[in-house]
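Report on the structure
So you can see what is in the structure, the chains are spelled out below.
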Amino acid sequence: MQVQEPIATGRWTILDLAVIALAGLLGSILPVVVGLGSDVIFVLVGQFLFTVGAIRLVVKVRRRDFQRLGFVVEARDGLMLLLGAGLQILVAFLFLPLAVLVELDTEPQSLVTEIAGASGTLRRLALFLIIGLIGPILEELMFRGVLVDALAARFKTRGVVIGSSVAFAAFHLTGVSTVQPLESIMVLVPQLFLFGAVLAYLRIRHKRLGPAIFAHAGFNLLSLSVLLFYPDLL
């Protein structure tokens, strides 16, 4: 990806990303505020609706060009599911020695526990769709869409990949263990950074989000399958 002019009609900015991320956060806490409770499905659906709404609002009010996000998916992108699943296995093995070294407790957190304890076909299907498919679409739009477009105004490919990967890893710090925060960060953040770098490379190389979306989905679906169907492995 070549360096582009800092100012360009329709270009997305860091401020746009902040607005979209904040909207998603508000959407995730709304179910609790209105009395629906903290059910993971309500929380994730709220986040999805508010994030999509914020993207549409930014396009309209701030006159951003949605096409710059590269939201184009092709049938062949489905093969990237295998890449994502392979990356999940690879990072798990690569960072297992570090997890053992820092004595990271693998006891699942509340969200993981809720997913692992999900019962009923409809609920499991809903979790698969929201976490395995919808989640990657939203995150790719934000980090490999909005953020990559914003960073490309000032940085070359390396800077775009590093910057977007750092932001992606930081965004997921809410998933670290509250019991062992330092140990969890030491193991989780490098994994997310490397995974984010691969996704950013796919976005830049293919000039669209399709490959990154499916690779992200494959990564999520493998771990989700273990949580739902083989929780004893945790």
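It should be noted that the structure appears before, not after, this text.
Since the structure is predicted, the reported quantities are computational estimates derived from the model, not experimental observations.

**Quick notes on the pattern of salt bridges**
- Within the structure shown, the criterion is met by eight salt bridges.
- Where Asp149 meets Arg68, a salt bridge forms, and the shortest distance between an N and an O atom there is 3.1 Å. Taken together, the positions of Asp149 in helix H5 (residues 121-151) and Arg68 in the loop between helix H2 (40-61) and helix H3 (80-101) put the pair 81 residues apart, joining distant regions of the chain.
- Where Glu74 meets Arg76, a salt bridge forms, and the shortest distance between an N and an O atom there is 2.7 Å.

**Notes on the packing of H3 against helix H7 (residues 181-206)**
- Close contact between H3 and H7 brings their axes to 10 Å; oriented N to C, the two are set at 155°. With respect to H7, the element H3 is oriented roughly antiparallel. The two elements H3 and H7 cross, and the hand of that crossing is right-handed. Seen from H3, the contacting residues are Met80, Leu83, Leu87, Val91, Phe95, Leu98 and Ala99; seen from H7, they are Met186, Val187, Pro190, Gln191, Leu194, Phe195, Val198, Leu202 and His206.
- Looking at the contact of H3 with H7 residue by residue, the class counts come to 14 nonpolar, two polar and no charged.

**Re the nonpolar core**
- Trp12, Ile20, Val146, Val160, Phe195, Leu199 and Leu202 are the most contacted members of the largest nonpolar core, which totals 39 residues.
- The greatest single-element share of this core, amounting to eight residues, is contributed by H7.
- If sequence neighbours within four positions are ignored, Val160 has contacts with Val148, Leu151, Ala152, Phe155 and Ile204.
- Grouped together as the second largest cluster of nonpolar side chains are six residues, Ile41, Ile130, Ile131 and Leu224 included.

**A closer look at the side chain of Asp149**
- By relative accessible area, which is 6% here, Asp149 ends up buried.
- When near neighbours in sequence (up to four residues on either side) are disregarded, Asp149 contacts Arg11, Trp12 and Arg68.

**A closer look at the packing of aromatic side chains**
- According to the stated counting rule, one finds five aromatic pairs in the structure shown.
- Ring geometry for Phe143 versus Phe168: centroids 5.6 Å apart, planes at 80°, classification edge-to-face. Taken together, the positions of Phe143 in helix H5 and Phe168 in helix H6 (residues 157-171) put the pair 25 residues apart, joining distant regions of the chain.
- Residue class for Phe143 comes out buried when judged on its relative accessible area of 3%.
- Look at Phe168 and you get buried, because its relative accessible area is 1%.
- Arranged with centres 3.9 Å apart and planes meeting at 20°, the rings of Phe195 and Phe219 form a pair that is stacked. Taken together, the residues span a long stretch of sequence, with Phe195 in helix H7 and Phe219 in helix H8 (residues 210-229) at a distance of 24 residues.

Quick notes on the rules
- Residues numbered from 1 in each chain as written.
- Predicted model: local features only at pLDDT ≥ 70, side-chain atom pairs only at ≥ 80, totals over all residues.
- Heavy atoms only, no water.
- Salt bridge = Lys/Arg side-chain N within 4 Å of Asp/Glu carboxyl O.
- Helix = DSSP H or I, 4+ residues; strand = E, 2+ residues; numbered from the N terminus.
- Axes fitted to C-alpha atoms, helices over the stretch in contact; angles between N-to-C directions.
- Parallel < 35°, antiparallel > 145°, perpendicular 65-115°, else oblique.
- Left-handed = near helix turned anticlockwise from the far one by under 90°.
- Contact = heavy atoms within 4.5 Å.
- Nonpolar A, V, L, I, M, F, W, Y, C, P; charged D, E, K, R; others polar.
- Core = buried A, V, L, I, M, F, W, Y, C linked by side-chain atoms within 4.5 Å.
- Buried < 20%, exposed > 50% of the residue type's maximum accessible area, 1.4 Å probe, protein only.
- Phe/Tyr/Trp six-rings, centres within 6.5 Å; stacked < 30°, edge-to-face > 60°.

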